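In case you want the letters, here they are:
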Amino acid sequence: MVLTERIPLVADEAGGLRVEGTRVYLEDLLDAYEGGLSPEEMVLAYPSLSLADVYAVLAWALRHPEEVAAYRERAKRAAQEAEERVRVYFPKALLARLGRA
């Protein structure tokens, strides 16, 4: 018997990985897990998730730490690049107050 299981992750148009059928990103689940939330608590925090999907995604992430680390690094770089693009539109006084001048 060969068992295969589909991982309920889908890539959005920007390359972010979301739990299929939801707006919950992989990094949201990973942050919650690393913050100490149980899968049951994650489902309470994100009602669009199913418990089975949370367990499946976490199991995949734990089995593929290199892929997860690479994805998180890409997401971090993309967020930094987006911030740099919009930074020119923020008033300098606001950036200074935020410590980002």
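These numbers come from a predicted model, not from an experiment.

**Here's the deal with the packing of helix α1 (residues 26-34) against helix α4 (residues 65-87)**
- At a minimum axis distance of 11 Å, the contact between α1 and α4 shows a crossing angle of 115°. By the angle class used here, α1 and α4 are roughly perpendicular. Note on packing geometry: the crossing formed by α1 with α4 is left-handed. For the pair formed by α1 and α4, the contact residues are Leu26, Glu27, Leu30, Asp31 and Glu34 on the first element and Val68, Tyr71, Arg72 and Ala75 on the second.

**Examining the pattern of salt bridges**
- Counted according to the given criterion, the structure contains 4 salt bridges.
- One salt bridge connects arginine 72 with glutamate 34, and the closest N-O pair in it is separated by 2.9 Å. With arginine 72 in helix α4 and glutamate 34 in helix α1, this pair connects stretches of sequence that are 38 residues apart.
- Overall, arginine 72 belongs to the partly exposed group, its relative accessible area being 24%.
- For glutamate 34, a relative accessible area of 55% puts it in the exposed group.
- When the shortest N-O distance is used, the salt bridge between arginine 77 and glutamate 73 registers 3.8 Å. With arginine 77 and glutamate 73 both in helix α4 and 4 residues apart, the pair spans about one turn of that helix.

The rules behind these values
- Residues numbered from 1 in each chain as written.
- Predicted model: local features only at pLDDT ≥ 70, side-chain atom pairs only at ≥ 80, totals over all residues.
- Heavy atoms only, no water.
- Axes fitted to C-alpha atoms, helices over the stretch in contact; angles between N-to-C directions.
- Helix = DSSP H or I, 4+ residues; strand = E, 2+ residues; numbered from the N terminus.
- Parallel < 35°, antiparallel > 145°, perpendicular 65-115°, else oblique.
- Left-handed = near helix turned anticlockwise from the far one by under 90°.
- Contact = heavy atoms within 4.5 Å.
- Salt bridge = Lys/Arg side-chain N within 4 Å of Asp/Glu carboxyl O.
- Buried < 20%, exposed > 50% of the residue type's maximum accessible area, 1.4 Å probe, protein only.

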